[in-house]
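# Per-entry structural report
Single-letter residue listing:
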Amino acid sequence: MQMEQDLHVALESGQLALHFQPIFDATGHRHRGAEVLLRWNHPERGTTAPADFIPLAEATGQILGIGHWVLDQACRKWLEWHEAGIDPGFLAINISRVQFRKRFSRTLIDLMTHYGIPAHALELEITESVLLDDHQEVNEELTSLRAVGLKLSLDDFGTGYSSLSYLKRFRFDVLKIDRSFVAGVPGNPDDVSLVKAILAMAKGLDLEVVAEGVETNDQLRFLRQQGCDLAQGYLFAKPMDADAYCVYLQSRRGEPERARIAVAS
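### Observations regarding the pattern of salt bridges
- This model, assessed by the stated rule, comprises 14 salt bridges.
- Note that aspartate 110 is salt-bridged to arginine 106, the shortest N-O span being 3.0 Å. One end of the pair is aspartate 110 and the other is arginine 106, both in helix 5 (residues 104-115) and four residues apart, which spans about a single turn.
- The class for aspartate 110 is partly exposed, based on a relative accessible area of 42%.
- Owing to a relative accessible area of 38%, arginine 106 belongs among the partly exposed residues under this scheme.
- Residues glutamate 212 and lysine 176 are paired through a salt bridge, measuring 3.4 Å at the closest nitrogen-oxygen approach. Of this pair, glutamate 212 sits in the loop between strand 8 (208-211) and helix 10 (217-225) while lysine 176 sits in strand 7 (residues 174-177), and the two are 36 residues apart along the sequence.
- A relative accessible area of 4% places glutamate 212 in the buried class.
- Connected through shared salt-bridge partners, Asp25, Arg30, Arg32, Lys151 and Glu208 make up one network.

So this is what it looks like as structure tokens:
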């Protein structure tokens with residue numbers, strides 16, 4: 001109850017902040033964009049991760065205001081960097097199940113129009129839980145988003161209901177392999193088999209694949225050998241706030257692609 005009350009004033013008092021974790025080609029040579037991550041800088045509890053407050057925000061409906069703020073800030077930041085001559089790549093934004101049901105496509109398209117944000121600047125990460133709702137409504141929303149050129153990513157694949165029928169019924173562009181599978185490669189035979197199967201299936205469905213939680217060169221080497229397209233994790237960079245990410249982007253300008261990150265061959 002106390003957290004719910006605190007969350008009511010978090011937006012107004014500027015306690016919420018966006019962090020950005022870079023996403024790279026699996027070859028490790030080219031920065032492609034970043035996942036947008038939400039942090040709550042609580043005055044007493046300190047930095048609070050989304051897993052500790054997003055479920056509460058969804059249950060109380062507060063996620064609608066928070067989600068809109070995240071989208072608005074992401075669009076603002078992308079435009080700010082772009083106008084400064086900095087290429088931020090795309091921003092991948094997680095969308096809540098509750099948020100998605102409330103005429104989400106119209107809200108987002110209006111924001112993009114307001115800020116003049118091109119479709120390629122954003123990628124929407126949707127978890128399998130979203131797909132459990134009214135299939136016709138979900139499909140209409142997804143169709144509206146894809147119609148304006150937005151890329152759709154199925155997030156944390158393999159950790160939820162993982163019905164393959166979702167991939168048949170709903171059209172996605174990207175599939176994200178959860179970090180819990182990536183952590184065990186290449187040493188764990190079960191994880192190796194699962195990741196290989198997910199990559200093979202994704203390729204057969206013409207989906208781009210992002211591996212989360214890449215922390216070692218051995219993991220990256222394995223993923224690259226198996227044809228994984230993109231990767232993110234501590235091997236490349238930890239999440240950083242907007243100012244640090246801006247500095248990070250500026251530091252990469254003009255560098256030779258292959259000198260940007262040292263990846264063991």
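### A few points about the packing of aromatic side chains
- Under the definition given, this model contains seven aromatic pairs.
- With centroids separated by 5.3 Å and ring planes inclined at 80 degrees, the aromatic side chains of tryptophan 40 and phenylalanine 53 adopt a geometry described as edge-to-face. Placement of the pair is tryptophan 40 in strand 2 (residues 31-42) and phenylalanine 53 in helix 2 (residues 50-60), with a sequence separation of 13 residues. In this structure, tryptophan 40 and phenylalanine 53 share a single accessibility class: buried.
- Considering the side-chain rings of tryptophan 81 and tyrosine 245, the 5.3 Å spacing of their centres and the 70 degrees angle between planes classify their relative orientation as edge-to-face. Highlighted residues: tryptophan 81 in helix 3 (residues 63-83) and tyrosine 245 in helix 11 (residues 242-252), separated in sequence by 164 residues.
- The exposure class of tyrosine 245 is buried, given its relative accessible area of 0%.
- Site record: aromatic cluster; members linked through ring pairs are Phe20, Trp81, Tyr245 and Tyr248.
- The cationic tip of lysine 238 hangs over the ring face of tyrosine 234; the distance from NZ or CZ to the ring centre is 5.2 Å.

### Describing the confidence of the model for the protein chain
- Looking at the protein chain, pLDDT values average 89 and 92% of them are 70 or higher.
- Across the protein chain, the element-wise mean pLDDT spans from 76 in helix 7 (residues 164-169) up to 97 in strand 9 (residues 230-231).

### With respect to the side chain of aspartate 173
- Relative to the elements of secondary structure, aspartate 173 occurs in the loop between helix 7 and strand 7.
- Side-chain polar atoms of aspartate 173 contact the side chain of arginine 146, separated by 2.8 Å.
- Beyond its immediate chain neighbours, meaning those up to four positions away, aspartate 173 contacts Arg146, Leu150, Lys151, Leu152, Leu207 and Glu208.

### A word on the side chain of aspartate 155
- Along the chain, aspartate 155 falls in strand 6 (residues 151-157).
- Of the side chains with opposite charge, lysine 176 comes closest to the buried, unpaired aspartate 155, at an N-O distance of 4.5 Å.
- Setting aside residues up to four positions removed in sequence, aspartate 155 forms contacts with Asn94, Glu125, Ile126, Thr127, Lys176 and Glu212.

### Re helix 11
- Within helix 11, the full set of buried residues consists of Ala242, Tyr245, Cys246, Tyr248, Leu249 and Arg252. Viewed along the axis of helix 11, the buried residues span an arc of 160 degrees, placing them on a single side of the element. Residues Asp243 and Val247 are exposed on helix 11 and point more than 90 degrees away from its buried face.
- The opening residue of helix 11, the one whose side-chain oxygen lies 3.3 Å from the backbone nitrogen of aspartate 243, is aspartate 241.

### What about helix 5?
- In this model helix 5 runs 17 Å from its N-terminal to its C-terminal C-alpha over twelve residues, within 8% of the 16 Å that 1.5 Å per residue would give.
- The elements touched by buried residues of helix 5 are helix 3, strand 4 (90-95), helix 4 (97-101), strand 5 (122-126) and helix 6 (135-147).

### Observations regarding the pairing of strand 8
- Of the two faces of strand 8, the one carrying Glu208 and Val210 and the one carrying Val209 and Ala211 are both buried.
- Looking at chain direction, strand 7 and strand 8 are connected through four bridges and run parallel. Along strand 8, the bridge assignment pairs valine 174 with glutamate 208.
- When strand 8 meets strand 9, the two strands line up parallel, connected through two bridges. Within strand 9, the residue paired with valine 210 across the bridge is leucine 230.

The rules behind the values
The numbering scheme is per chain: residues are counted from 1 as the chain's sequence reads. It should be noted that, the model being predicted, local features are given only for residues of pLDDT at least 70 and side-chain atom pairs only at 80 or more, the latter also being counted only at that level, while totals for whole chains, interfaces and linings use all residues. For side-chain calculations, the full set of non-hydrogen atoms in the structure is used, while hydrogens and water are omitted. Salt bridges are counted wherever a side-chain nitrogen of Lys or Arg sits within 4 Å of a carboxyl oxygen of Asp or Glu. Going along the chain from the N terminus, every DSSP run of H or I of four or more residues is numbered as a helix, and every run of E of two or more is numbered as a strand. Each residue's exposure class comes from its accessible area (1.4 Å probe, protein chains only) as a fraction of the maximum for that residue type: buried when under 20%, exposed when over 50%, partly exposed otherwise. Pairing of aromatic rings covers Phe, Tyr and the six-membered ring of Trp, with a centre-to-centre limit of 6.5 Å; geometry is then stacked below 30 degrees between planes, edge-to-face above 60, and tilted otherwise. Only when the NZ of Lys or the CZ of Arg is both within 6 Å of the ring centre and within 35 degrees of the ring normal is a charge said to sit over the ring. The quantity known as pLDDT measures the predictor's confidence residue by residue, on a range of 0 to 100. What qualifies as a polar contact is a pair of N or O atoms within 3.5 Å, subject to a donor-acceptor requirement within protein and to the restriction that residues adjacent in sequence count only when both atoms come from side chains. Whether two residues are in contact is decided by their heavy atoms: any pair within 4.5 Å suffices. The convention is simple: Lys and Arg are positive, Asp and Glu are negative, and His and the chain ends are not counted. By definition, the arc is the one covered by directions from the helix axis to the C-beta atoms. A helix is expected to span 1.5 Å multiplied by its residue count minus one. Two strands pair if DSSP finds at least two bridges between them.

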